[in-house]
Amino acid sequence: MLHIKDLHAGVEEKDILKGINLEVKAGEVHAIMGPNGSGKSTLASVIAGKDEFEVSKGELTLYGEDITELDPEERAHKGVFLSFQYPVEIPGVSVTNFIKTAINETRKAKGMNDMPASEMLKLIKEKADLLEIDRKFLSRSLNEGFSGGEKKRNEIFQMAMMEPKLAILDETDSGLDIDALKVVANGVNTFKNKDNAVVVITHYQRLLDYIIPDFVHVIMDGKIVKSGGKELAHELEERGYDWIKEEVNA
Ligand SMILES: Nc1ncnc2c1ncn2[C@@H]1O[C@H](COP(=O)(O)OP(=O)(O)OP(=O)(O)O)[C@@H](O)[C@H]1O
Ligand SMILES: [Mg+2]
């Protein structure tokens, strides 16, 4: 579904991504790892279409369609979902109202009517139960005073509600206690099916015990320098990144 070929992107004069090649097929889970500042979040932002980054070279296609010129909303309507590393606060907008609006915007873009209120309520209840989200939480202002774990839980709730084709989760494990981690992983695992794909960016092998990746990629200095199966994550946990640097330089 997602094809990335020799992708170069950055800000103004600075190149951040320096030739990324990645193919994500329906039904797959990809994990992206790599040192701080290597370009992981930038890659997620570029796929989602955040306008602070400029693509200078390469291909980025979703289901064969070039999406480089589409704005983030258009990409979201085509099924791209990005969880934010630092989620924004929207005072006065509840968790539920935010997601209702997002869902109906996507339906509108597809020429559909708003989801009937009863159907929406049923969906919200189903997904909230699945993720063990308290009813009271759903009426709170979006991200206002949320704990780290609550923010992450809310993002997974948004993902479960939006049912994207391609979900990109950036650092979903940061600040999660072990129970929340399991709830998030359970959310991802329940969401996963043969028609969608997940790209999870993480520093810790621990999350990958719960969300089992088909592929693990290591990004260093804007390039994918190594790819492997889930055992690669274990190796990184044990050995760090220096040995890959040596391999790359050899
Ligand atoms: N808007 C920006 N303006 C200038 N430089 C940026 C911008 N966004 C990212 N960078 C730089 O690009 C590089 C890659 O950043 P990025 O956030 O993609 O790293 P990362 O791999 O996600 O790191 P971390 O593991 O710490 O989250 C860093 O050197 C960062 O400072
Ligand atoms: Mg990052």
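Residues numbered from 1 in each chain as written. Chains lettered and ligands numbered in written order. Predicted model: local features only at pLDDT ≥ 70, side-chain atom pairs only at ≥ 80, totals over all residues. Heavy atoms only, no water.

K.L.:
Hey, could you run me through the overall build of the chain in this one?
P.N.:
Per the secondary structure count, the chain includes ten helices and twelve strands. When the backbone C-alpha atoms are referred to their principal axes, the chain occupies close to 60 × 40 × 35 Å. Taking all contacts inside the chain whose residues are at least 6 apart in sequence as the whole, residues at least 24 apart take part in 68%. With an accessible surface of roughly 12500 Å², the chain has 48% of that area assigned to carbon and sulfur atoms. Looking at the chain, you have 32 positive and 44 negative side-chain charges, and the mean spots of the two groups are 4 Å apart. (Helix = DSSP H or I, 4+ residues; strand = E, 2+ residues; numbered from the N terminus. Contact = heavy atoms within 4.5 Å. Areas by Shrake-Rupley, 256 points an atom, 1.4 Å probe, with all protein chains shown as cover. Lys, Arg positive; Asp, Glu negative; His and termini not counted. Charge placed at Lys NZ, Arg CZ, Asp CG, Glu CD.)

K.L.:
I keep staring at the pattern of salt bridges and nothing clicks. Help me out?
P.N.:
Where charged atoms from two side chains of opposite charge come close, those side chains can pair. Counted under the stated rule, the structure contains 14 salt bridges. With its nearest N and O atoms 3.2 Å apart, the salt bridge here joins Glu247 to Lys226. You can see Glu247 sitting in helix H10 (residues 242-249) and its partner Lys226 sitting in strand E12 (residues 223-228), a full 21 residues away along the chain. For Glu247, a relative accessible area of 43% corresponds to the partly exposed category. As a salt-bridge pair, Arg239 and Glu235 come within 2.8 Å of each other at their nearest N and O atoms. Linking Arg239 with Glu235, this pair stays in helix H9 (residues 230-239), spanning four residues, or about one helical turn. We classify Arg239 as partly exposed; its relative accessible area is 45%. On the basis of relative accessibility, which here comes to 29%, the residue Glu235 falls in the partly exposed class. In the salt-bridge network here, residues are joined through shared partners; they are Lys125, Asp129 and Arg135. (Salt bridge = Lys/Arg side-chain N within 4 Å of Asp/Glu carboxyl O. Buried < 20%, exposed > 50% of the residue type's maximum accessible area, 1.4 Å probe, protein only.)

K.L.:
Can you walk me through the sheet that holds strand E5 (residues 65-66) in this structure?
P.N.:
Each strand in a sheet pairs with its neighbour through backbone hydrogen bonds, running either in the same direction (parallel) or in the opposite one (antiparallel). Here four strands make up an open sheet; going across it, the order is E2-E1-E4-E5 and the pairing antiparallel. Every interior strand has two partners, whereas the edge strands, strand E2 (14-24) and E5, have only one. The strands touched by helix H1 (residues 40-48) within the sheet are strand E1 (2-11), E2 and strand E4 (54-62), with E1 carrying the most contacts at an inclination of about 110°. (Pairing = 2+ DSSP bridges. Axes fitted to C-alpha atoms, helices over the stretch in contact; angles between N-to-C directions.)

K.L.:
Help me out: how do you make sense of the nonpolar core in this one?
P.N.:
If you look at soluble globular proteins, the nonpolar side chains tend to sit buried side by side. Core analysis: the biggest nonpolar cluster contains 47 residues, and Phe157, Met159, Met161, Leu169, Val198, Val200 and Leu236 have the highest contact counts within it. It is helix H7 (residues 178-191) that provides the largest number of residues to this core, a total of seven residues. Leaving out residues up to four positions away in the same chain, Phe157 has contacts with Val95, Ile99, Ile124, Lys127, Ala128, Leu131, Ile133 and Leu138. Counting residues in each nonpolar core, the second largest holds 29 residues, with Ala9, Ile20, Ala48 and Leu62 among its members. (Core = buried A, V, L, I, M, F, W, Y, C linked by side-chain atoms within 4.5 Å.)

K.L.:
Help me understand the side chain of Lys192, please; the structure alone is not making it clear to me.
P.N.:
By secondary structure assignment, the location of Lys192 is in the loop between H7 and strand E10 (197-201). Of the side chains with opposite charge, Asp214 comes closest to the buried, unpaired Lys192, at an N-O distance of 6.6 Å. A polar atom in the side chain of Lys192 sits 2.8 Å from the backbone oxygen of Asn196. Apart from residues lying up to four places away in sequence, Lys192 is in contact with Gly27, Glu28, Val29, Ala197 and Val198. (Polar contact = N/O pair within 3.5 Å; in protein donor to acceptor, adjacent residues only side chain to side chain.)

K.L.:
Even after reading the chapter, I still don't get the pairing of strand E3 (residues 29-33), so can you show me in this structure?
P.N.:
Regular strands place their side chains on alternate faces of the sheet. Within E3, five of the five residues are buried, leaving the element largely enclosed by the surrounding structure. Residues Val29, Ala31 and Met33 point to one face of E3 and His30 and Ile32 to the other, with burial holding for every one of them.

K.L.:
Sorry, what's going on with the site of ligand 1 here?
P.N.:
As a matter of local geometry, ligand 1 sits amid 16 residues, with Gly37, Lys40, Ser41, Thr42 and His203 nearest to it. Backbone polar atom of Gly37 to an oxygen atom of ligand 1: 2.8 Å apart, as the coordinates give it. The backbone of Ser38 places a nitrogen or oxygen atom 3.1 Å from an oxygen atom of ligand 1. In the complex, the protein chains occlude 66% of the 640 Å² of accessible area that ligand 1 would expose alone. Among the elements of the structure, E2 and H1 are those that each provide at least two residues to the shell around ligand 1. Per-element accounting of the shell around ligand 1 gives the leading share, three residues, to H1. Of the residues belonging to the shell around ligand 1, the class tally is four nonpolar, eight polar and four charged. (Near = heavy atom within 4 Å. Nonpolar A, V, L, I, M, F, W, Y, C, P; charged D, E, K, R; others polar.)

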